[in-house]
Amino acid sequence: MSWLSWFSAGRWPSSAPLVILVGLVSRRPGLALTCPRWGAPVSRGLFQDGDVVIGGLFHIHYKPPALDHHFADQPDYKECTGLEQLPLQYIYAMMFAVEEINRSPRLLPGVTLGYHIRDSCARHPWATQAALSLVSGGGSACNPAATQQNASEGGSGRGVPLIIGGASSKTAMILSRVLGPLSVPLMSYQSSCPCLSDRRQFPNFFRTIPSDIYQARAIARLAIYFKWTWIGAVVANNDYGLVAVKVFQEETQGSGVCLAFVETLNRQNIANDARRAALAIKASSARVILIFSWYTDVRELFLQLAQMNVTDRQFLASEAWSTSGNLLQHPVTSQVASGVVGTAIRSSTIVGFEDYLRSLTPSARPDDDILRDFWEKQFACRLRLSNGPNSSDRSTSLPLCRGDESLEGVNNLFTDTSQLRQAYNVYLAVYAAAHALHDLLACPNATAVSQDDSATCSSPRNVKPAELLQRLNDVNFTTPQGERLYFQGADIPAKYDLVNWQKSRDGSLKLVLVGRVDGYQIRMNDTAVQWRSGSSQVPASVCSESCPPGTRVATRKGEPVCCFDCIRCAEGEISNATGEGTRGVHTLSARLDPFVGHISDSPNCDRCPLEFWPNTEHTVCVLRQLDFLAFNETLGVTLAAVAVSGAVATTAVFVVFVYYRHTPVVRANNSELSFLLLLSLQLCFLCSLLFIGRPSAWSCRFQQAAFAISFALSVSCLQVKTIVVLAAFRSARPGAGALMKWFGPGQQRGSVCVFTCIQIVICIIWLSLSPPEPKPDFGTPGLKVTLKCDMASVVGFSLVLGYIGLLACSCLLLAFLARKLPDNFNEAKLITFSMLIFCAVWVAFVPAYVSSPGKYTVAVEIFAILASSFGLLVCIFAPKCFIILVRPERNTKKYMMAR
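Residues numbered from 1 in each chain as written. Predicted model: local features only at pLDDT ≥ 70, side-chain atom pairs only at ≥ 80, totals over all residues. Heavy atoms only, no water.

K.L.:
Explanation requested: the overall build of the chain in the structure shown.
P.N.:
Counting its regular elements, the chain contains 25 helices and 30 strands. Split into buried and exposed, the 899 residues of the chain put 52% on the buried side. Contacts in the chain between residues at least 24 apart in sequence constitute 71% of all its contacts with a sequence separation of at least 6. (Helix = DSSP H or I, 4+ residues; strand = E, 2+ residues; numbered from the N terminus. Buried < 20%, exposed > 50% of the residue type's maximum accessible area, 1.4 Å probe, protein only. Contact = heavy atoms within 4.5 Å.)

Structure (structure tokens):
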């Protein structure tokens, strides 16, 4: 394992002598272990002296020189080539910030800030070599600590107390571990790996770019807000992509968002991986695709999608490619990926920076070799006395440059200051370092006093990295742009831009700012977003269509929760969670509280309160309507008409019996009992009318009492009539003549009174202790709830019915015993038939009453009353009326006594 692998794996002990690392870096084939000057003599950089000099490390070039194949992982002593324009802008953002601070009367007054900028060549070994060169001061000593001590004693070489650099997270991890034993702060402008927030591993690391966790959370909240529940993910197969997709899943957990697939991209096998990911995108029903990867990987993926003609997907972009000019200008991108929405490193304006860049000229900066390389490449010429790395390769036929050409008309990545992102991060890093130095050099309290001399403060020429590191942890200031900046461990408060790729009139893509992320707050103008379709209509990406109101979600077995069926709510339940929010400018909180009402479909249906019932769509609870058996409805009119008909028929029979009261048929078996029976039947028919109409407290009590007493009186009359029949025939036997003397008319009337009074007593006790009350029957499903007399005491009602049943059964038994007595007209037969009908009706009544819903329970009771009353009336009095009115010749005592 190489020394670089040890550092990247975090296995290098902090106590190891740094001189070993020095020897490893400088070892060359065929040479003894020596320690030449840090960074070979040909290694160039930019230097400006000052009271305090801070370091800068940028990958200015991207093409390393040819390496010895035996030591391919070690830096060579040749210059890198291939100038990068964007990092070049970062360099001058640092230089501009230093010059701006030096002009400030409030920040570091009396102290001049300088810089020493080196090239990392976008390679870890070069970055490590350059960092060691910066902290050692570029001296010849092998021990950087000795070099710094020499500088503090007045020596020429001074190491920088802080380095701004680390263009990638891996580079930052290596540099932080290398610089950790020296307590030299490393402040990165572009390393966003969440792992770098670990203060135990990287105590000297700071950054002015947020951790990737925050952009993954922001994208997750956007997915929730736009109701994208079925999303595909394509991520880089490293910490950047894998951590991001994990955070995305954690943030969307419980919000109904699922990942249809997760494909990884390896840069070493990008062609095959991109094709595999493109096939997954094409095969999936997900219409929104999340991509966390580098822009070169995304470009290859877009090429594969274009070959497969997959042009209808909406992409969510991470900051690594959301602002990539190479992708925006690529012809395939507008075909495949217009309408991209993503997070971007927040941009800001640096006042005066554009004029500063356009005023740069090699003639004004003769020692700036980097600017000379840019100038020759930009203007396709060569400068006099050019000694850059490419000067020997340039054709002598190129025209000479004066070095004072203007950049006013030049438009490229270097001069474009419309959206300063990484350059602004570099600018913030310089200001953070300046404020930490200001606090350190101001000596506000004893903690700033030098440990070597407790009587003096730290001097600009003797700034210790450890002291500066402590001050960086406590900085809290306002930038010239009005932004509050402070560190939370290694991180600053998360801030991002939300950008959208929109088509211009000429068909090209442009980057449009549509919102901002500030910590956990997202402010977005979603009406300004141009989606993949070219309209402002938010595209849908769901596994299953949203369940309409009135239904609930039922997940499918073995499938993600986003794939479901819609089941209608059960009786008495509603759901109305699905809805549309108001479009426009919105602020999304951490949990999207203002939009909870339309985030997801309803997983459960809610039961309505007892007084309410769902409408037909099961979307809202409406107040239930009271329903009862009324006189103005068909059922009520029918039952009332039957009851009145029964009462009229009973009256007619009564009139006939009164008119023919002296005939044998009427006088048989005590005519008084017949008239009393007719009166009780009249009451039975009429009491059924009390059950019709709106129940009240008094009607509930009176109807049950009238029903119970009327039927007790009717059955009591029949009971006595049966006893009279038995007594009369028993008295005809020798020696039994005195039987009728003991059961004469007075005893008969007394017996009827006693039997009826027992029922009256039961009713009085029942209605006094626990009377029926009018209550809505909420237990019955339906929009209409029946208002009925609630039997508060089932025992009381059961005693009433039980007593009537007891009388009826005993009457039936006695009548059955007397049915074959030798009379031509035996009333016991009629009583037997009437009691059979009576008992059959009331036996059938009980289950029908219990099982009938709503107001039909009342109708069943009325029907039982009328049916049993008509049974008694017809069976007892119809044969007698037939003889009286139709067969008067049979209405004689002789016929009645015939056997």
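This is not the end of the story, as more comes after the structure.
K.L.:
Which parts of the structure should I look at to understand the sheet that holds strand S29 (residues 773-777)?
P.N.:
Within the open sheet, the three strands sit side by side as S28-S30-S29. Their pairing is mixed. Of all strands in the sheet, those with a lone pairing partner are strand S28 (625-627) and S29, marking the two edges. Within this sheet the neighbouring strands show an average axis-to-axis angle of 35 degrees, counted without direction. Direction of pairing for S29 relative to strand S30 (residues 784-790): antiparallel, over a ladder of five bridges. Bridge pairing in S30 places Pro 776 opposite Leu 787. (Pairing = 2+ DSSP bridges. Axes fitted to C-alpha atoms, helices over the stretch in contact; angles between N-to-C directions.)

K.L.:
What's the story with the pattern of salt bridges in this structure? I'm lost.
P.N.:
Should the charged atoms of two oppositely charged side chains come close, the side chains can pair. In the structure shown here, the tally under the stated rule is 26 salt bridges. With a closest N to O distance of 3.8 Å, Glu 483 and Lys 495 form a salt bridge. Taken together, the residues Glu 483 in the loop between strand S16 (476-478) and strand S17 (484-486) and Lys 495 in strand S18 (residues 495-503) connect sequence positions twelve residues apart. As a salt-bridge pair, Lys 788 and Asp 777 come within 3.5 Å of each other at their nearest N and O atoms. One end of the pair, Lys 788, is in strand S30; the other, Asp 777, is in strand S29, and eleven residues separate them in sequence. The buried category is assigned to Asp 777, whose relative accessible area is 17%. Each of the salt bridges in this network shares a partner with another, and the network as a whole consists of Glu 263, Asp 273 and Arg 276. (Salt bridge = Lys/Arg side-chain N within 4 Å of Asp/Glu carboxyl O.)

K.L.:
Quick question: what am I supposed to make of the packing of helix H17 (residues 634-659) against helix H19 (residues 671-687) here?
P.N.:
In a packed pair of helices, the relevant descriptors are the angle between the two axes and the axis-to-axis distance. Across the interface, H17 lies against H19 with an axial gap of 8 Å and an inter-helix angle of 165 degrees. Between H17 and H19, the interaxial angle falls into the category roughly antiparallel. Two packed elements cross with a definite hand, and for H17 against H19 that hand is left-handed. Where H17 abuts H19, its residues Ala 643, Gly 646, Ala 647, Thr 650, Thr 651, Val 653, Phe 654, Phe 657 and Val 658 lie against Ser 674, Phe 675, Leu 678, Leu 681, Gln 682, Phe 685 and Leu 686. Of the residues assigned to the contact of H17 with H19, the class counts are eleven nonpolar, five polar and no charged. (Parallel < 35°, antiparallel > 145°, perpendicular 65-115°, else oblique. Left-handed = near helix turned anticlockwise from the far one by under 90°. Nonpolar A, V, L, I, M, F, W, Y, C, P; charged D, E, K, R; others polar.)

K.L.:
Help me out: how do you make sense of the nonpolar core in this one?
P.N.:
Considering soluble globular proteins, one finds that nonpolar side chains tend to be buried as a cluster. One finds Phe 58, Ile 91, Tyr 92 and Met 94 to be the most contacted residues of the largest nonpolar core, which totals 69 residues. Breaking this core down by element, the ones donating at least two residues are strand S2 (52-58), helix H3 (85-103), strand S5 (113-119), helix H13 (353-358), helix H14 (369-379), helix H15 (422-442) and helix H16 (465-472). The leading source of residues in this core is H15, at 15 residues. Here Met 94 is in contact with Ile 54, Gly 55, Gly 56, Phe 58, Tyr 115, Ile 117, Ile 164, Val 426 and Val 430, once residues within four sequence places are set aside. (Core = buried A, V, L, I, M, F, W, Y, C linked by side-chain atoms within 4.5 Å.)

K.L.:
Whenever I open this one, a nonpolar patch on the surface confuses me. Can you help?
P.N.:
A surface patch of nonpolar side chains, amounting to about 320 Å² of accessible area, comprises Val 761, Ile 765 and Leu 769. If you trace the backbone, Val 761 turns up in helix H21 (residues 745-769). (Patch = residues over 30% accessible without salt bridge, like charges linked within 9 Å, V, L, I, M, F, W, Y side chains within 5 Å. Areas by Shrake-Rupley, 256 points an atom, 1.4 Å probe, with all protein chains shown as cover.)

K.L.:
I keep staring at the state of the cysteines and nothing clicks. Help me out?
P.N.:
What we call a disulfide is simply a covalent bond connecting the sulfur atoms of a pair of cysteines. The full count for this structure, using the stated rule, is nine disulfides. Across the disulfide from Cys 258 sits Cys 562; the S-S distance is 2.0 Å. Judged by the sign of its S-S torsion, about 95 degrees, the bond between Cys 258 and Cys 562 is right-handed. Residue Cys 258 is located in strand S10 (residues 258-265), and its partner Cys 562 is located in the loop between strand S21 (551-555) and strand S22 (564-568); the two are separated by 304 residues in the primary sequence. (Disulfide = S-S within 2.5 Å.)

K.L.:
When you look at the environment of Ile 60 in this model, what are you seeing that I'm missing?
P.N.:
Here Ile 60 is to be found in the loop between S2 and strand S3 (61-63). For the pair Ile 60 and Ala 122, spaced 62 residues apart in sequence, the C-alpha separation works out to 7.7 Å.

K.L.:
Please explain the packing of aromatic side chains as it appears in this structure.
P.N.:
Two aromatic rings are characterised by how far apart their centres lie and by the angle between their planes. Enumeration according to the criterion identifies 32 aromatic pairs in this entry. The interplanar angle of 50 degrees and the centroid separation of 4.9 Å between the aromatic rings of Tyr 427 and Tyr 431 together place this pair among those described as tilted. One end of the pair, Tyr 427, and the other, Tyr 431, are both in helix H15, four residues apart, so they sit about a helical turn from each other. Since its relative accessible area comes to 1%, Tyr 427 is described here as buried. Each ring, one from Phe 657 and one from Phe 675, has its centre 6.5 Å from the other, and the planes form 85 degrees; the classification is edge-to-face. Placement of the pair is Phe 657 in helix H17 and Phe 675 in helix H19, with a sequence separation of 18 residues. Accessibility classification places Phe 657 together with Phe 675 in one group, the buried group. Ring pairs connect the aromatic residues Phe 707, Phe 711, Phe 838, Trp 842 and Phe 845, which therefore count as one cluster. Here the guanidinium or amino end of Arg 199 rests over the ring plane of Phe 206, the centre of that ring lying 4.9 Å away. (Phe/Tyr/Trp six-rings, centres within 6.5 Å; stacked < 30°, edge-to-face > 60°. Lys NZ or Arg CZ within 6 Å of the ring centre and 35° of its normal.)

K.L.:
I would appreciate a short explanation of the pairing of strand S20 (residues 521-525) in the present structure.
P.N.:
The side chains of a regular strand alternate between both faces of the sheet. Every second residue of S20 is oriented toward a common face, the buried set being Ile 522 and Met 524 and the non-buried set Gln 521, Arg 523 and Asn 525. Relative to S20, strand S19 (residues 509-518) is paired through four bridges, and the arrangement is antiparallel. Within S20, the position partnered with Val 517 by the bridge is Ile 522. Taken together, S19 and the strand that follows it, S20, pair antiparallel across an intervening segment of two residues, in which Gly 519 is found at a positive phi of about 70 degrees.

K.L.:
Sorry, what's going on with unusual backbone geometry here?
P.N.:
Glycine aside, residues mostly have negative phi, and peptide bonds are mostly found in the trans state. One non-glycine residue, Ser 183, lies in the positive phi region at around 60 degrees. Of the residues examined, Ser 183 reaches a relative accessible area of 24% and is grouped as partly exposed. With a phi close to 60 degrees, Asn 309 is a non-glycine residue in the positive phi region. Among the structural elements, Asn 309 can be located in the loop between helix H10 (295-307) and strand S12 (314-317).

K.L.:
For this particular structure, what's the right way to read the environment of Gln 89?
P.N.:
Structurally, the position occupied by Gln 89 is in helix H3. In this structure the C-alpha to C-alpha distance between Gln 89 and Leu 413, which are 324 residues apart in sequence, comes to 8.0 Å. Apart from residues no more than four positions distant in its own chain, Gln 89 is found in contact with Phe 353, Leu 357, Leu 413, Phe 414, Asp 416, Thr 417, Leu 420 and Ala 423.

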